[in-house]
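Spelled out from the first residue to the last, the chains are:
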Amino acid sequence: IDKLQTEADEKFPQINSKDSDPYINMISQQKEKIDALEIELKQMKDKLNKSFIKDNYIVSNKDNALIDDITYKTGDFVSTSVKALSIINLDSMVVEANIPEEFISKVKLGAEATLIPDADKSKIIKGKVTSIANNAVTNNGETTVLARITFDDNENILLPGYNVNIKIETED
């Protein structure tokens, strides 16, 4: 039996040596590539498995939001370095008011504010001054200080960019 084994080893060395058979090496390499591609495919599927992606749509996780500033159009190539769009949470909007410098000393943080939208002057929205800038800005010869006013329930009367008339309660 040993003699037959030696003869077989001499006549058919590729049977005993997996490393010397080029087909076995190619099959092994292809299996490794398949394994790597399956891992990459799983990672790609995991990236798509996000709460903000449903079927072929991007879905906001905000109940009351607005899509704005869409950068791409159909057929464009997207890049991770360029913002695709903005989602504005309509429940956390603020009004920015430029207060003339001669009145800013009367405006205090937490002061009550009344907002009257230009879009519907019959509506009154209540708010509060939540921030006052530490510096003034001069524009067209007028010096103003930026104040931010938050408001609770706007009933979707105000949208980004809308104008309002503001009355801020002061101590005087």
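The structure we're discussing is the one just above.
Scoring rules and cut-offs
- Residues numbered from 1 in each chain as written.
- Predicted model: local features only at pLDDT ≥ 70, side-chain atom pairs only at ≥ 80, totals over all residues.
- Heavy atoms only, no water.
- Helix = DSSP H or I, 4+ residues; strand = E, 2+ residues; numbered from the N terminus.
- Contact = heavy atoms within 4.5 Å.
- Core = buried A, V, L, I, M, F, W, Y, C linked by side-chain atoms within 4.5 Å.
- Buried < 20%, exposed > 50% of the residue type's maximum accessible area, 1.4 Å probe, protein only.
- 1 Å grid on protein atoms, 1.4 Å probe; cavity = no way out; pocket = protein on both sides within 12 Å on 5 of 7 lines; lining within 4 Å.
- Points joined across faces, edges and corners; volume = space filled by probe spheres on them.
- Nonpolar A, V, L, I, M, F, W, Y, C, P; charged D, E, K, R; others polar.
- Pairing = 2+ DSSP bridges.
- Axes fitted to C-alpha atoms, helices over the stretch in contact; angles between N-to-C directions.
- Salt bridge = Lys/Arg side-chain N within 4 Å of Asp/Glu carboxyl O.

Asker: Is there a simple way to explain unusual backbone geometry in this structure?
Answerer: A negative phi angle characterises most non-glycine residues, just as the trans form characterises most peptide bonds. Phi is positive for Asp69, close to 55°, though the residue is something other than glycine. Its location among the elements puts Asp69 in the loop between β3 (65–68) and β4 (86–89).

Asker: Help me out: how do you make sense of the environment of Ala97 in this one?
Answerer: Structurally, the position occupied by Ala97 is in strand β5 (residues 94–100). Separated by 49 residues in sequence, Ala97 and Leu146 place their C-alpha atoms 5.7 Å apart. In this structure Ala97 touches Val145, Leu146, Ala147, Ile149 and Ile166, once residues within four positions along its chain are discounted.

Asker: Explanation requested: the nonpolar core in the structure shown.
Answerer: Nonpolar side chains in soluble globular proteins generally cluster together in the buried interior. Within the largest apolar cluster, 19 residues are counted, with the highest numbers of intra-cluster contacts made by Val95, Ile99, Leu115, Ile149, Phe151, Leu158 and Ile168. Among the elements of the structure, β5, β6 (112–117), β7 (125–139), β8 (142–151) and β9 (164–168) are those that each provide at least two residues to this core. Of all the elements, β8 adds the most residues to this core, at four residues. What Ile168 contacts, discounting residues up to four positions off in sequence, is Ile99, Val107, Ala111, Glu112, Ala113, Val129 and Ile149.

Asker: Hey, could you run me through the layout of surface pockets in this one?
Answerer: Empty pockets left among the atoms are what a rolling probe the size of a water molecule brings to light. Roughly 220 Å³ of internal volume is contained in the largest pocket. Around the largest pocket, the lining residues are Ile58, Ile70, Tyr72, Val78, Ser79, Thr80, Val82, Ala84 and Leu85. Each residue belonging to the lining of the largest pocket can be placed in one class, and the counts come to seven nonpolar, two polar and no charged.

Asker: Teacher, can you tell me more about the sheet that holds β5 here?
Answerer: The strands making up a sheet are joined through hydrogen bonds of the backbone, oriented either antiparallel or parallel. The sheet built from five strands is open, its strands ordered β5-β8-β7-β6-β9 with antiparallel pairing. Every interior strand has two partners, whereas the edge strands, β5 and β9, have only one. Taking each pair of neighbouring strands and ignoring which way they run, the sheet shows an average axis angle of 40°. Across seven bridges, the pairing between β5 and β8 is antiparallel. Its bridge partner being in β8, Asn98 is matched across the sheet by Leu146.

Asker: Honestly, the pattern of salt bridges in this entry has me stumped. Any pointers?
Answerer: Charged atoms that come close allow side chains of opposite charge to pair. Inspection of the entire model under this criterion finds six salt bridges. The partner of Lys83 in a salt bridge is Asp69, and the shortest N-O contact between them spans 2.8 Å. Here Lys83, found in the loop between β3 and β4, pairs with Asp69, found in the loop between β3 and β4; they are 14 residues apart in sequence, far enough to count as distant. The exposure class assigned to Asp69 is partly exposed, which follows from its relative accessible area of 42%. Among the salt bridges present, the one from Lys128 reaches Glu112, with a minimum N-O distance of 3.3 Å. A residue pair is termed long-range when its members are at least 10 positions apart, and Lys128 in strand β7 and Glu112 in strand β6 qualify at 16 residues. Accessibility expressed as a relative area gives 41% for Lys128, which makes it partly exposed.

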